[in-house]
Each structure stands twice: as C-alpha cells, then as structure tokens.
Amino acid sequence: MKKYLIILTCVSLILSCKEEAKKEKEESTQMEHVMAIHDEVMPKMGKLGRLVGKLKPMADSLGAESPEAKTMRELQRANESMMNWMKGFGDRFDSEEILEGKALTSEKQKWLNEEEVKVKAVKEQINTSIEKAEMLLNSSN
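Residues numbered from 1 in each chain as written. Predicted model: local features only at pLDDT ≥ 70, side-chain atom pairs only at ≥ 80, totals over all residues. Heavy atoms only, no water.

With that settled, the discussion passes to the overall build of the chain. Along its length, the chain carries five helices and zero strands. Of the regular secondary structure in the chain, the N- to C-terminal order runs α-α-α-α-α. Burial analysis of the chain (141 residues in total) assigns 29% to the buried set. Partitioning the contacts of the chain with sequence separation of at least 6, the portion at a separation of at least 24 is 73%. (Helix = DSSP H or I, 4+ residues; strand = E, 2+ residues; numbered from the N terminus. Buried < 20%, exposed > 50% of the residue type's maximum accessible area, 1.4 Å probe, protein only. Contact = heavy atoms within 4.5 Å.)

Chain-level pLDDT for the chain is 85 on average; 79% of the residues reach the 70-or-more range. Element-level pLDDT for the chain is lowest in helix 1 (residues 2-41), with a mean of 62, against a maximum mean of 96 in helix 3 (residues 67-92). This stretch, residues 3-13, has a pLDDT under 50; its non-local contacts, to residues over four places away or in other chains, come to zero contacts. (pLDDT = per-residue confidence, 0-100.)

What follows concerns the nonpolar core. L75, F89 and I126 are the most contacted members of the largest nonpolar core, which totals 28 residues. If you list the elements that add at least two residues to this core, you get helix 1, helix 2 (45-62), helix 3 and helix 5 (106-140). Here this core takes eight residues from helix 5, the largest share from any one element. (Core = buried A, V, L, I, M, F, W, Y, C linked by side-chain atoms within 4.5 Å.)

Direction vectors running N to C along helix 2 and helix 5 enclose 40 degrees, while the axes themselves pass 10 Å from each other. Viewed along their axes, helix 2 and helix 5 adopt a mutual orientation that is oblique. The two elements helix 2 and helix 5 cross, and the hand of that crossing is left-handed. On the side of helix 2, the interface is formed by M45, K47, L48, L51, K54, L55 and M58, while helix 5 contributes I126, S129, I130, A133, E134, L136, L137 and S140. Partitioning the contact of helix 2 with helix 5 into residue classes produces ten nonpolar, two polar and three charged. (Axes fitted to C-alpha atoms, helices over the stretch in contact; angles between N-to-C directions. Parallel < 35°, antiparallel > 145°, perpendicular 65-115°, else oblique. Left-handed = near helix turned anticlockwise from the far one by under 90°. Nonpolar A, V, L, I, M, F, W, Y, C, P; charged D, E, K, R; others polar.)

Applying the stated rule across the entire model yields three aromatic pairs. Ring geometry for W85 versus F89: centroids 4.8 Å apart, planes at 25 degrees, classification stacked. Residue W85 and its partner F89 are both found in helix 3; the two are separated by four residues, about one turn of the helix. Neither residue differs from the other here; W85 and F89 are each classed as buried. On the numbers, 4.9 Å between centres and 40 degrees between planes, the contact of F89 with F93 is tilted. You'll find F89 and F93 in the same group, each marked buried. (Phe/Tyr/Trp six-rings, centres within 6.5 Å; stacked < 30°, edge-to-face > 60°.)

In structure tokens:
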C-alpha cells in the first residue's frame, strides 16, 4: 500500500510539473503573439510619418476641416496610440517576461490579456489610417 502511495505521489508530481510547463508555454506563446503584432506594425511607423509629411502642406492650404487635415490627424493619433501602448506595455512587463518567457503572475496574465486587445486595436488604427491616407493621396494625384 505504501509503495502505491509513493508511486501515486510521483505520478501526481510529474503531471503537475507538465501542467505548469504547459501553462508557462501558453503564456510565452501569448507574449510572443503580442510582440509579433507589435513587430508587424512597428515598421509602419515611418510610413505614418511620411504620409503626415505629404498631407501637411495640403492640410495647411485647405484648412483644418479638409479631408487631408482630418486624415493627417488620424495618422498622428495612430502614432500616438502606438507610443502610448509601448510605454504602458513596458511599464507592466520586464525584459525577462517579454524576451525570455519568464512566467507571469496571475495579475500579469490579466494584464497580458488586456495588452493583447490594446495592441490589436492599435494595429487596426495604424492600418486603417495608412489605407485612408494612401487612398486620399492617390485620388488627389
């Protein structure tokens, strides 16, 4: 009987360790996913700036209520959203959690869920504002 109890305890410990490793991998995978979204849209920040530069002279000459001025402001808000997201994300997570897959506390896991929603919204805002600006600039040529 004692032998079976020891075996059962060992099996429970092994399963528990596997479950913990699986949980850490899921967190790491979610962190990697969040960072992949960031990495996908970060290179577009330069494009945002170039589009603002193209729209600014038009917006200045056509006025603050022109489509060019409104679109320029959307690009600027998208840029600001990305900067704010990165600062907030960096304030919540350390480099080991972001880059090395360090296990997250339950509170930080909730934060990661929130940050995933936020970065998806930033991605959408960036892509939409770029698309709108490009369509506007192409139609004015």
